[in-house]
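Understanding the architecture of this molecule
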Amino acid sequence: GQQVMQIPQYQHVQEGEDFTTYCNSSTTLSNIQWYKQRPGGHPVFLIQLVKSGEVKKQKRLTFQFGEAKKNSSLHITATQTTDVGTYFCAGVDYGQNFVFGPGTRLSVLP
Amino acid sequence: DAGVIQSPRHEVTEMGQEVTLRCKPISGHNSLFWYRQTMMRGLELLIYFNNNVPIDDSGMPEDRFSAKMPNASFSTLKIQPSEPRDSAVYFCASSFEQLQGAFFGQGTRLTVV
């Protein structure tokens, strides 16, 4: 079945540094979604990417979908303490199967 | 809009008891998802409905778990009998269309002792 991996598992950065998490699927995806979950909170939908090579930006966050539609990345520029949390990707394949990655836990030191 | 509403927020029950979790999706959303989250297994999709019809229940752990969606504004996830290994946070989520981004409720933290 479809598998979605994320690296790194954990990332500790100093406030102001950049951060990137990578998501890789074992199968070609119809779309990929990104979510953020604060400690003790619930996942919050950030964005959906559909097109091959697509790049979308939300303020300091840049999301990219790979050309082969099997991988994606989330880049945060100049992290802030409010960015703390776990970032999940969720891959949706052409069989309409949803699989969440294990997430990357981001810590930001002030 | 109040968002996805789940109840109860916390549930502590004894092994062997029946547990019912409830969810009210966002009005107008036609897809509803039940997820389970644990430290060991992360976020797992248990089942999802589209237009009140179960589409994929392959994530439901075993026959002790059942889910219903009698109408567009209400769904339940039932565990009978409950076991300690069912302890987890259970999230309900809804989306406007099946493959769109989902909006999560605040979750039900279930503890089975």
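For the structure itself, look to the data block above.
Residues numbered from 1 in each chain as written. Chains lettered and ligands numbered in written order. Predicted model: local features only at pLDDT ≥ 70, side-chain atom pairs only at ≥ 80, totals over all residues. Heavy atoms only, no water.

Here's the deal with the overall build of chain A
On a plain count of helices and strands, chain A comes out with zero helices and 11 strands. In terms of overall dimensions, chain A has C-alpha extents of about 45 × 25 × 20 Å along its principal axes. Burial statistics for chain A: of 110 residues in total, 46% are counted as buried. If you take every contact in chain A between residues at least 6 apart in sequence, the share linking residues at least 24 apart comes to 55%. (Helix = DSSP H or I, 4+ residues; strand = E, 2+ residues; numbered from the N terminus. Buried < 20%, exposed > 50% of the residue type's maximum accessible area, 1.4 Å probe, protein only. Contact = heavy atoms within 4.5 Å.)

Thoughts on the side chain of histidine 29 of chain B
Residue and element names in this part refer to chain B. As for its placement among the helices and strands, histidine 29 is situated in the loop between β3 (19–24) and β4 (31–38). Since its relative accessible area comes to 14%, histidine 29 is described here as buried. Within the structure, the side chain of histidine 29 is placed 3.4 Å from the backbone nitrogen of serine 95, a separation counted as a polar contact. In this structure histidine 29 touches Ser94, Ser95, Phe96 and Phe103, once residues within four positions along its chain are discounted. (Polar contact = N/O pair within 3.5 Å; in protein donor to acceptor, adjacent residues only side chain to side chain.)

Observations concerning the layout of surface pockets
Over the atoms rolls a probe the size of a water molecule, and in doing so it shows where empty space is left. Looking at the largest pocket, its volume works out to about 1,200 Å³. Forming the boundary of the largest pocket are 49 residues, of which Phe88 of chain A together with Gln37, Thr38, Gly42 and Leu43 of chain B lie nearest the centre. Looking at the lining of the largest pocket, the elements with two or more residues in it are β9 (85–93), β10 (98–100) and β11 (104–109) of chain A together with β4, β5 (42–50), β9 (88–95) and β11 (108–112) of chain B. Considering every element that reaches the lining of the largest pocket, the biggest residue donor is β5 of chain B, with six residues. (1 Å grid on protein atoms, 1.4 Å probe; cavity = no way out; pocket = protein on both sides within 12 Å on 5 of 7 lines; lining within 4 Å. Points joined across faces, edges and corners; volume = space filled by probe spheres on them.)

A look at the state of the cysteines
All names here are of chain A. Following the criterion strictly, the structure yields two disulfides over all chains and no others. One disulfide bridge connects cysteine 23 with cysteine 89, the sulfur atoms lying 2.0 Å from each other. A torsion of 75 degrees about the S-S bond marks the disulfide between cysteine 23 and cysteine 89 as right-handed. Here cysteine 23, found in strand β3 (residues 19–25), pairs with cysteine 89, found in strand β9; they are 66 residues apart in sequence, far enough to count as distant. In this pair, the class of cysteine 23 matches that of cysteine 89, namely buried. (Disulfide = S-S within 2.5 Å.)

Thoughts on the sheet that holds strand β8 (residues 74–79) of chain B
All names here are of chain B. The strand order across the open sheet formed by four strands is β1-β3-β8-β7, and the pairing between neighbours is antiparallel. Only two strands of the sheet have a single neighbouring strand rather than two, namely β1 (5–7) and β7 (65–71). Strand-to-strand twist of the sheet, defined as the mean angle between neighbouring strand axes without regard to direction, takes the value 15 degrees. Sheet topology note: the β7/β8 ladder contains five bridges and is antiparallel. Bridge assignment links serine 66 to a residue of β8, and that residue is lysine 78. (Pairing = 2+ DSSP bridges. Axes fitted to C-alpha atoms, helices over the stretch in contact; angles between N-to-C directions.)

Comments concerning the environment of asparagine 51 of chain B
Within the secondary structure layout, asparagine 51 of chain B lies in the loop between β5 and β6 (53–56). In this structure, the C-alpha to C-alpha distance between asparagine 51 of chain B and aspartate 86 of chain B, residues 35 residues apart in sequence, is 28 Å.

Concerning the sheet that holds strand β6 (residues 55–58) of chain A
Residue and element names in this part refer to chain A. Spatially, the five strands line up as an open sheet ordered β1-β3-β8-β7-β6, and their pairing is antiparallel. Each edge of the open sheet is held by one strand with a lone partner, namely β1 (4–7) and β6. Taken pair by pair, the neighbouring strands of this sheet meet at an average axis angle of 15 degrees, ignoring direction. Taken together, the four bridges between β6 and strand β7 (residues 61–65) define a ladder with antiparallel strand orientation. The residue bridging lysine 56 from the neighbouring strand is phenylalanine 63, located in β7.

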